[in-house]
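# Topology and contacts: notes
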Amino acid sequence: MSTGRIYGVGLGPGDPDLMSVRADRLLRNARHIAFFRKPGRTGQARNIVRGMIPDDAVEFPMEYPVTTEIPVTDPRYNALLAAFYEDCAAHLRSLAERGEEVIVLCEGDPFFYGSFMHLYNRLRGDVEISIVPAITGMSGAWTATGDPITWGDDVLTVLMGTLPEDRLAERMAQTDALVVMKIGRNIEKVKRALKTAGLYQRAWIVEYAQMPNQRVCKLSDDCDGITPYFSIIIVHGQGRRP
Ligand SMILES: C[S@@+](CC[C@H](N)C(=O)[O-])C[C@H]1O[C@@H](n2cnc3c(N)ncnc32)[C@H](O)[C@@H]1O
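Residues numbered from 1 in each chain as written. Predicted model: local features only at pLDDT ≥ 70, side-chain atom pairs only at ≥ 80, totals over all residues. Heavy atoms only, no water.

## Thoughts on the packing of helix 6 (residues 165-174) against helix 7 (residues 187-196)
What counts, and what does not: Interaxial angles span 0 to 180 degrees and are taken between N-to-C directions of axes, which are lines fitted to C-alpha atoms, for helices over the stretch in contact. Strands here are runs of E lasting at least two residues and helices are runs of H or I lasting at least four, both read from the DSSP assignment and numbered beginning at the N terminus. Should an angle lie under 35 degrees it is considered roughly parallel, over 145 roughly antiparallel, and from 65 to 115 roughly perpendicular; all remaining angles are considered oblique. Left-handed describes a crossing in which the near helix is turned anticlockwise from the far one by less than a right angle; the clockwise case is right-handed. Any two residues whose heavy atoms approach within 4.5 Å at even a single point are treated as in contact. Gly falls in the polar group here, along with every residue not listed as nonpolar (Ala, Val, Leu, Ile, Met, Phe, Trp, Tyr, Cys, Pro) or charged (Asp, Glu, Lys, Arg).
Where helix 6 contacts helix 7, the two axes come as close as 8 Å, and the packing angle between them is 40 degrees. In terms of axis orientation, helix 6 runs oblique to helix 7. Considering the relative orientation of helix 6 and helix 7, their crossing is right-handed. For the pair helix 6 and helix 7, contact is made by Glu165, Leu168, Ala169 and Met172 and by Lys189, Val190, Arg192, Ala193, Leu194 and Thr196, respectively. Along the lines of polarity and charge, the residues of the contact of helix 6 with helix 7 split into 6 nonpolar, 1 polar and 3 charged.

Listed below in structure tokens is the structure:
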């Protein structure tokens, strides 16, 4: 084991006020930060910590070599991403081996569908790693709707919009409460699956939950201008209430 340390720091859904005290303390003392982003973008995680990082901290942006250009089922997609995560992990490992502490910024919670997990898997065992958990995007989204997500013995299902339509519809039909993430260009497929499962009329979409540009809309209304690219669909449970 080296003497440095990697921190996977959850930042919560967007509003810096929703971050943990531990995350805040680590960020304000950071010497190295690393974060994922699409080429040409600032990155959601980097945006959340604007104004919190010391000016002299060294930044390591990790730019995805591919996002939606190649389908996830294409073997090239896996190969490109695997090589990318290897390179990023190698850089972080070398910093830790020099005794440095590196903070990896993670939107939401690091262990909940986060890219950080691919670095974690490659580095654990070689380097000391600490994880700071956080409020998830879905928690920020259902809170934004103003209605509780689960009651009594409601079953909550979390689905990715990237799943095939028949699988989405089947899982949706079996649940009481629902969260759908990674919607993007899958929006029409997700809407059809909600209709098949009889949930469409109860579905909400929350864009940029807990961020200054947050928007909340019932899916069946005309959600003019809502883009599905950083959004979560919510269907509230209707379980037991004394
Ligand atoms: C790679 S996952 C990361 C999840 C994150 N680790 C978490 O704990 O929520 C990215 C997806 O999370 C959802 N998401 C996360 N935070 C969100 C937010 N504040 N507003 C809207 N969608 C969000 C979107 O569906 C997006 O496509």
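## Describing the domain arrangement of the protein
Note: interface size is frequently given as the accessible area lost on complex formation between the parts. We count it as follows: In this document the domain limits rely on a domain assignment from an automatic tool or a database. Reported buried area values correspond to the accessible surface (1.4 Å probe) lost by two parts on association, with both partners' losses combined. Any carboxyl oxygen of Asp or Glu within 4 Å of a side-chain nitrogen of Lys or Arg constitutes a salt bridge here. Under the rule applied, a polar contact is a pair of N or O atoms within 3.5 Å (in protein, one hydrogen donor and one hydrogen acceptor; residues adjacent in sequence only if both atoms are side-chain atoms).
By domain assignment, the protein separates into domain 1 (5-132) and domain 2 (137-235). Each of domain 1 and domain 2 has a C-alpha centre, and these two points are 26 Å apart. Each side of the interface is counted separately: domain 1 has 10 residues, and domain 2 has 13 residues. Regarding the contact of domain 1 and domain 2, the summed buried area is about 930 Å², with carbon and sulfur atoms giving 66% of it. Looking only at domain 1, the three residues that lose the most surface to domain 2 are Pro13, Gln44 and Tyr113, adding up to 52% of its buried area. Our count for the domain 1 to domain 2 interface comes out at 0 salt bridges. The interface formed by domain 1 and domain 2 contains 1 residue pair in polar contact (both at pLDDT 80 or more). Split into classes, the residues belonging to the side of domain 1 that touches domain 2 amount to 4 nonpolar, 4 polar and 2 charged.

## What about the environment of Asp55?
Rules: A simple rule labels every residue: compare its accessible area, found with a 1.4 Å probe on the protein chains alone, to the largest value its type can have, and call it buried under 20%, exposed over 50%, or partly exposed in between.
Looking at where Asp55 falls in the secondary structure, it is placed in the loop between helix 2 (44-48) and strand 3 (58-63). According to the relative accessible area criterion, Asp55 is exposed, its value standing at 83%. Counting along the chain gives 25 residues from Asp55 to Ala30, while the straight-line C-alpha distance between them is 9.7 Å.

## A word on the sheet that holds strand 5 (residues 128-132)
Inclusion rule: Any two strands with at least two DSSP bridges between them are considered paired.
The parallel open sheet is built from 5 strands, whose spatial order is 3-2-4-1-5. Every other strand in the sheet has two partners, leaving strand 3 and strand 5 as the edge strands with one partner each. Sheet twist, expressed as the average angle between the axes of neighbouring strands with direction ignored, equals 20 degrees. Note that strand 2 (residues 32-37) and strand 3 share 6 bridges and pair parallel. Considered in strand 3, the bridge of Ala34 is made with Phe60. With respect to the sheet, helix 4 (residues 116-123) is in contact with strand 1 (5-10), strand 2, strand 3, strand 4 (101-106) and strand 5, its orientation differing from that of strand 5 by roughly 150 degrees.

## Re the site of the ligand
Selection rule: Throughout, near means a residue has at least one heavy atom within 4 Å of the molecule or strand. Surface exposure here means Shrake-Rupley accessible area, sampled with a 1.4 Å probe, where a residue is shielded only by the protein chains that are shown.
Close contacts around the ligand come from 15 residues, with Glu107, Asp109, Phe112, Gly137 and Ser231 the closest. Here an oxygen atom of the ligand and a backbone polar atom of Lys182 are 3.0 Å apart. Here an oxygen atom of the ligand sits 2.7 Å away from a polar atom, N or O, in the main chain of Ser231. Expressed as a share of its isolated accessible area of 560 Å², the protein-covered part of the ligand is 90%. Tallied by class, residues from the shell around the ligand come to 8 nonpolar, 4 polar and 3 charged. When residues are assigned to domains, the shell around the ligand turns out to be shared by domain 1 (5-132) and domain 2 (137-235), each giving three or more.

## Looking at the sheet that holds strand 10 (residues 231-235)
Strands in a sheet are paired, the pairing made by backbone hydrogen bonds, and the direction either parallel or antiparallel. Judged by pairing direction, the sheet is mixed, and its 5 strands sit side by side in the order 6-7-10-8-9 without closing on themselves. Single-partner strands in this sheet number two, and they are strand 6 (156-160) and strand 9 (215-218). If you compare each strand with its neighbour and ignore which way they point, the axes differ by 20 degrees on average. Where helix 5 (residues 137-145) meets the sheet, its contacts fall on strand 6, strand 7 (177-181), strand 8 (203-207), strand 9 and strand 10, and the angle it forms with strand 10 comes to roughly 60 degrees.

## As for the state of the cysteines
The condition is simple: Disulfide assignment relies on a single distance test, namely cysteine sulfur atoms paired within 2.5 Å.
One pass over the full model with this rule turns up 1 disulfide. In this model Cys88 remains outside any disulfide bridge; the closest cysteine sulfur is found in Cys106, 13 Å from its own. Judged by relative accessible area, which is 4%, Cys88 ranks as buried. Its relative accessible area of 6% is what places Cys106 among the buried residues.

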